[in-house]
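# An overview of the molecular structure
Chain by chain, the residues:
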Amino acid sequence: MTAAETGAPSSGAAPASGSPELPDYLTLKAQVEEFLDLTLDARILSERCRDYRDGKQLTEAQVKELKRRKQAPVVNNRIKTKHNGLLGLMSAAKADPKAFPRNQEQDSAAAEACTDGLRYVAQQQHLNSTFMAVDDNFFCEGYGAVHICVEQSPKGEMEVTVDHIPWDRIFY
């Protein structure tokens, strides 16, 4: 493989600007394809778990056989009940963000300012609903993620954003 195919810098040194060279398209594509190949079984299982949670627990052959027998394809979905119970526990256990001072006397004002900042971000970004979406993915598919970023708002101010990444869009 050449340096261009692997995404490695051709000279072996970082560019003059001091920042590392980013991998090229072919390297990133190969990494994503390898990830998709290696996690195929896990993703199929995750999709089946979501189907079970959503009440789609019977195969087409089973539904066809039940209809042939003139029986209703009824499923008593205990999985959804358990899943919703876990989400309820997480909702009840949510905590208000708080920063604690390292040194009680000297740092208490800084800790209060930090707490105010954390609460502002939590309110602005609707963290409770974002975290509940991640919890839903975690309890059903097995993993979940958020993207935390600092972006410039249209007013020119720096804002913290927290975005939920759906389980089937995560790459690691």
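Parameters at a glance
- Residues numbered from 1 in each chain as written.
- Predicted model: local features only at pLDDT ≥ 70, side-chain atom pairs only at ≥ 80, totals over all residues.
- Heavy atoms only, no water.
- Phe/Tyr/Trp six-rings, centres within 6.5 Å; stacked < 30°, edge-to-face > 60°.
- Helix = DSSP H or I, 4+ residues; strand = E, 2+ residues; numbered from the N terminus.
- Buried < 20%, exposed > 50% of the residue type's maximum accessible area, 1.4 Å probe, protein only.
- Lys NZ or Arg CZ within 6 Å of the ring centre and 35° of its normal.
- Pairing = 2+ DSSP bridges.
- Expected span 1.5 Å × (residues − 1).
- Arc of directions from axis to C-beta.
- Patch = residues over 30% accessible without salt bridge, like charges linked within 9 Å, V, L, I, M, F, W, Y side chains within 5 Å.
- Areas by Shrake-Rupley, 256 points an atom, 1.4 Å probe, with all protein chains shown as cover.
- Salt bridge = Lys/Arg side-chain N within 4 Å of Asp/Glu carboxyl O.
- Polar contact = N/O pair within 3.5 Å; in protein donor to acceptor, adjacent residues only side chain to side chain.

## Thoughts on the packing of aromatic side chains
As enumerated under the stated definition, the model contains five aromatic pairs in all. When the centroid spacing of 6.5 Å and the interplanar angle of 80° are considered together, the rings of Tyr143 and Trp167 count as edge-to-face. Note that Tyr143 is positioned in the loop between helix H7 (127-141) and strand S1 (145-152) and Trp167 in the segment after strand S2 (158-165), a separation of 24 residues in sequence. Residues Tyr143 and Trp167 agree in their burial class; the two are buried. One aromatic cluster is present, formed by Phe35, Tyr143, Trp167, Phe171 and Tyr172 through successive ring pairs. The lysine or arginine in question, Arg48, covers the ring of Tyr52, its NZ or CZ lying 5.7 Å from the ring centre.

## Structural notes on unusual backbone geometry
With a phi angle near 60°, Lys70 is a residue other than glycine that sits in the positive phi range. Within the fold, Lys70 resides in the loop between helix H4 (60-68) and helix H5 (78-92). Of note, His126 is a non-glycine position whose phi angle comes to about 50°, a positive value. Inspection of the secondary structure puts His126 in the loop between helix H6 (104-124) and H7.

## Some points on the pairing of S1
Where S1 and S2 come together, eight bridges link them in antiparallel fashion. By the bridge assignment, Glu151 is partnered in S2 with Glu159. Remark: five residues form the turn of the hairpin made by S1 and S2, two consecutive strands paired antiparallel; Gly156 in that turn has positive phi of roughly 95°.

## Focus: helix H3 (residues 40-53)
Note that an α-helix has 3.6 residues per turn; residues three or four places apart therefore point the same way. Helix length check: H3, at 14 residues, gives a terminal C-alpha distance of 20 Å against a target of 20 Å (1.5 Å per residue), a fit within 8%. Among the residues of H3, those classed as buried are Arg43, Ser46, Arg50 and Arg53. Down the axis, H3 shows its buried residues gathered within 80° of arc, on one side only. Downstream of H3 by a residue or two, Gly55 has a phi angle that is positive, lying close to 90°.

## Considerations on a nonpolar patch on the surface
A surface patch of nonpolar side chains, about 240 Å² in accessible area, is lined by Val32, Leu36 and Phe171. Residue placement: Leu36 occurs in helix H2 (residues 25-38).

## Let's talk about the pattern of salt bridges
Applying the stated criterion across every chain yields a total of seven salt bridges. Linking Glu141 and Arg50 is a salt bridge whose minimum nitrogen-to-oxygen distance equals 2.6 Å. Highlighted residues: Glu141 in helix H7 and Arg50 in helix H3, separated in sequence by 91 residues. Notably, a salt bridge pairs Arg119 with Asp96, separated by 2.9 Å at the nearest N-O pair. Taken together, the positions of Arg119 in helix H6 and Asp96 in the loop between H5 and H6 put the pair 23 residues apart, joining distant regions of the chain.

## Digging into the side chain of Glu141
Since its relative accessible area comes to 6%, Glu141 is described here as buried. Among the polar contacts made by the side chain of Glu141, one reaches the side chain of Trp167 at a distance of 3.4 Å.

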